[in-house]
Amino acid sequence: MIARLLGVLALVALLASCSAPAEKQADPTAYTTDTTRVDGHPAWILQSNIYEVNVRQYTPEGTFNAFAKHLDRLKEMGVETLWFMPIQPISKVDRKGELGSYYAIANYTAINPEYGTLADWQALVDSAHAKGLKVIIDWVPNHTGADHYWLEKYPDFYEIDSATGKAKFAFDWSDTRSLNYDNVTLQDSMINAMKFWLTTRIDGFRCDVAGEVPKPFWQKAITALKATNPGIFMLAESNDAWLHEAGFDATYTWEEFSSMKKVASGKGPATLLDSSQAKLSAYPANALRMYFTSNHDENSWNQADYATMPGAVHAPFAVLTQTWGRSVPLIYSGQEEPFLDSIRFFYKDTITFGKYERSAFYQKLLNLRKNNPALAANASLRKVDAGTPAQLYAYVREKDGKKILVVLNLSAKASTVKLTDAAVNAEAVNLFSGSKENPAAKEWGIEPWGYAVYVY
């Protein structure tokens, strides 16, 4: 570990001193060796899950070392992949709020000193790996912060406003400056910076607003990254199907989440979720989709999940995200508590942990997914009739001779489940009660926002 860390520190020094940012290559001996691919993706992701880590807000200290104390707890809960929100320094020019946005990057190849040092980061990655966890980091390729050193050293890396002669920013992101992907040197510099982080043995990237970055760049970048390390996982923050063609493993399900929120608020029937399955026809057959009930955007700006899916409403949708076809499910920091407040974006707003009221619930789902191929992302999915389609949503997942039945009541009214499909008319284990039952032997009642998972 010491030798590898010294190599990383040496690379930092080289990157800092070089006259052009696209020259250096990383040390391939530092990369993960978990490179097996299945169905076009890293084998390890197909039955895995993602836990989004907000380092700033996770502990009172807001550091890598303080977060590391939670690794054993998260491992026990069944977490397998840690996604860290941006770990780089935050720009000070045009900073929003007291601490600024994580997504206004001041230097792509440095560590935010609020979180610790590069050595602290490497120790955290190594500790996570030792416990069997994967690590991916947030990457912000669309823009930099407003005082990134590229602005002075390489002004042609940016889109320029013809009226002012200054670098542009998109939307209301006034603390950022938009990058110019017509510039080939910028493209190579960005790829080089991503390769640098591979030397810390991360297992992939979650790429911010990936749909705003041109497809040719992603094809070039992902080809280069996977040539360097075939085992990395690439997640795009976008619904766009073309990102899979560009080489991404998984995309977001923003539209599907919107449907879930409508059903959760009583503004639509359970059948609205059929659109989730229908949409898959627009994607490559092996496309992975990340399903969620909250994330940093939805929590900070839209009060997810404590208000969008309050109390008991959350559970059946969480089951859906963990058991749906082609899904790689996400849990956001604090959902296991649950932390019933928004986590502010530009200020210190520490999550309060202590009760972990949802941990056992998540643990059953995460461990089932890990251990049963019927919940692999590439396992089959078939809807079944459970009666009252406006309320009840049921489906079967199957693979390698294993089968799982999921029954959800996506309404505020009690209902009666009546299963007539012969494939589920057999004894199974109720995941949450542990009892052996035949869910199709007779009609049975299900409470408002109720859920049941049967393992055959």
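An account of the accompanying structure is given in this report. (Residues numbered from 1 in each chain as written. Predicted model: local features only at pLDDT ≥ 70, side-chain atom pairs only at ≥ 80, totals over all residues. Heavy atoms only, no water.)

Here we look at the overall build of the chain
This is how it is decided: In this description a helix means any DSSP run of H or I spanning at least four residues, a strand means any run of E spanning at least two, and both kinds are numbered starting from the N terminus. Computation of the radius of gyration draws on C-alpha atoms, with the globule rule given as 2.2 Å multiplied by the number of residues to the power 0.38. Three exposure classes are used, based on accessible area relative to the maximum for each residue type with a 1.4 Å probe and protein chains only: buried under 20%, partly exposed in between, and exposed over 50%. Whether two residues are in contact is decided by their heavy atoms: any pair within 4.5 Å suffices. Areas reported as accessible are Shrake-Rupley estimates using a 1.4 Å probe. Residue values count occlusion only from the protein chains shown. The charged-residue count follows a simple rule in which Lys and Arg add positive charge and Asp and Glu add negative charge, with His and chain termini not counted at all. To locate a charge, the coordinates of NZ of Lys, CZ of Arg, CG of Asp or CD of Glu are taken.
On a plain count of helices and strands, the chain comes out with 14 helices and 20 strands. Taking 2.2 N^0.38 as the reference for a compact globule, 456 residues should give roughly 23 Å; the C-alpha atoms of the chain span a radius of gyration of 23 Å, in line with that estimate. Each principal axis of the C-alpha distribution contributes one length, and for the chain these read about 75 × 45 × 45 Å. Taken over 456 residues, the chain has a buried fraction of 59%. Expressed as a percentage of contacts within the chain between residues at least 6 apart in sequence, the contacts between residues at least 24 apart total 72%. When the accessible surface of the chain is split by element, carbon and sulfur atoms take 52% of a total near 17100 Å². Within the chain, the 50 negative side-chain charges are centred at a point lying 4 Å from the centre of the 45 positive side-chain charges.

Focus: the sheet that holds strand β8 (residues 204-207)
Two orientations exist for strands paired in a sheet by backbone hydrogen bonds: parallel and antiparallel. Here is the rule: A pair of strands counts as paired when DSSP detects no fewer than two bridges linking them. Note on geometry: axes are lines fitted to C-alpha atoms, helical ones only across the stretch in contact, with angles between N-to-C directions running from 0 to 180 degrees.
The strand order around the closed barrel formed by eight strands is β3-β4-β5-β8-β9-β10-β11-β12, and the pairing between neighbours is parallel. Along the sheet, successive strands turn relative to each other by an average axial angle of 25°, direction set aside. Bridge count for strand β4 (residues 81-84) against strand β5 (residues 134-139) is four bridges, and the pairing is parallel. Bridge assignment links leucine 82 to a residue of β5, and that residue is valine 135. Sheet strands in contact with helix α7 (residues 184-198) are β5, β8 and β9 (233-236), and its direction is about 155° off that of β5.

A look at the sheet that holds strand β17 (residues 428-430)
What the six strands build is an open sheet, ordered β13-β14-β15-β20-β17-β18; its pairing is antiparallel. Looking at which strands have only one partner, the edges of the open sheet turn out to be β13 (380-384) and β18 (436-437). Of the strand pairs in this sheet, β17 and β18 are connected by two bridges, and their pairing is antiparallel. Bridging from a neighbouring strand, valine 429 pairs with lysine 436 of β18. Where helix α13 (residues 314-323) meets the sheet, its contacts fall on β14 (392-399), β15 (402-409) and β20 (451-455), and the angle it forms with β15 comes to roughly 155°.

A closer look at the nonpolar core
Basically, it comes down to this: Working definition of a nonpolar core: buried Ala, Val, Leu, Ile, Met, Phe, Trp, Tyr and Cys residues. They are joined through side-chain atoms within 4.5 Å.
Among the nonpolar cores identified, the biggest contains 120 residues, and Leu82, Trp121, Trp197, Phe205 and Trp218 are the most heavily contacted of them. Among the elements that make up this core, the one with the highest residue count is α7 (eight residues). Excluding anything up to four places from it in sequence, tryptophan 197 contacts Ile87, Gln88, Tyr108, Thr109, Ala110, Ile111, Leu118, Trp121, Ile137, Trp139, Ile202 and Phe205. Grouped together as the second largest cluster of nonpolar side chains are 16 residues, Leu405, Trp444, Ile446 and Ala452 included.

Some words on unusual backbone geometry
For the bond running from alanine 304 to aspartate 305, omega is -10°, close enough to zero to count as cis. Examined against the element boundaries, aspartate 305 turns out to sit in the loop between α12 (296-302) and α13. Each neighbour pair has its own omega, and for glutamate 337 with proline 338 the value is -10°, a cis peptide bond. Secondary-structure assignment places proline 338 in the loop between β12 (327-332) and α14 (359-371). Its identity as a non-glycine residue notwithstanding, glutamine 303 has a phi of 65°, on the positive side. A residue is classified by how much of its surface remains accessible, and glutamine 303, at 43% relative accessible area, is partly exposed. Here the phi dihedral of aspartate 400 falls at roughly 50°; this positive angle occurs in a residue that is not glycine. Relative to the helices and strands, aspartate 400 resides in the loop between β14 and β15. For aspartate 400, a relative accessible area of 58% corresponds to the exposed category.

Section: the environment of methionine 85
Examined against the element boundaries, methionine 85 turns out to sit in the loop between β4 and α5 (118-130). Excluding its chain neighbours within four sequence positions, the residues that come into contact with methionine 85 are Glu52, Val53, Asn54, Tyr102, Tyr103, Asp138, His296, Tyr332 and Phe345.

Describing helix α8 (residues 215-228)
Here is the rule we go by: To estimate the expected span of a helix, count its residues, drop one, and scale the result by 1.5 Å.
For α8, built from 14 residues, the straight-helix expectation of 20 Å at 1.5 Å per residue is met to within 8% by its first-to-last C-alpha distance of 20 Å. Residues of α8 that are buried in the fold lie against β1 (37-38), α7, β8, β9 and α9 (242-245).

Some remarks on the pairing of strand β3 (residues 50-53)
A regular strand places its side chains so that they alternate between the two faces of the sheet. Residues Ile50 and Glu52 line one face of β3 and the alternating positions Tyr51 and Val53 line the opposite face, and both faces are buried. Examined bridge by bridge, β3 and β4 share four bridges and lie parallel to one another. Directly across from valine 53, in β4, lies its bridge partner phenylalanine 84. In the sheet, β3 pairs with β12 via three bridges, with the strands oriented parallel. Its bridge partner being in β12, tyrosine 51 is matched across the sheet by isoleucine 331.

So far we have only geometry, and geometry alone does not tell us how the molecule works.
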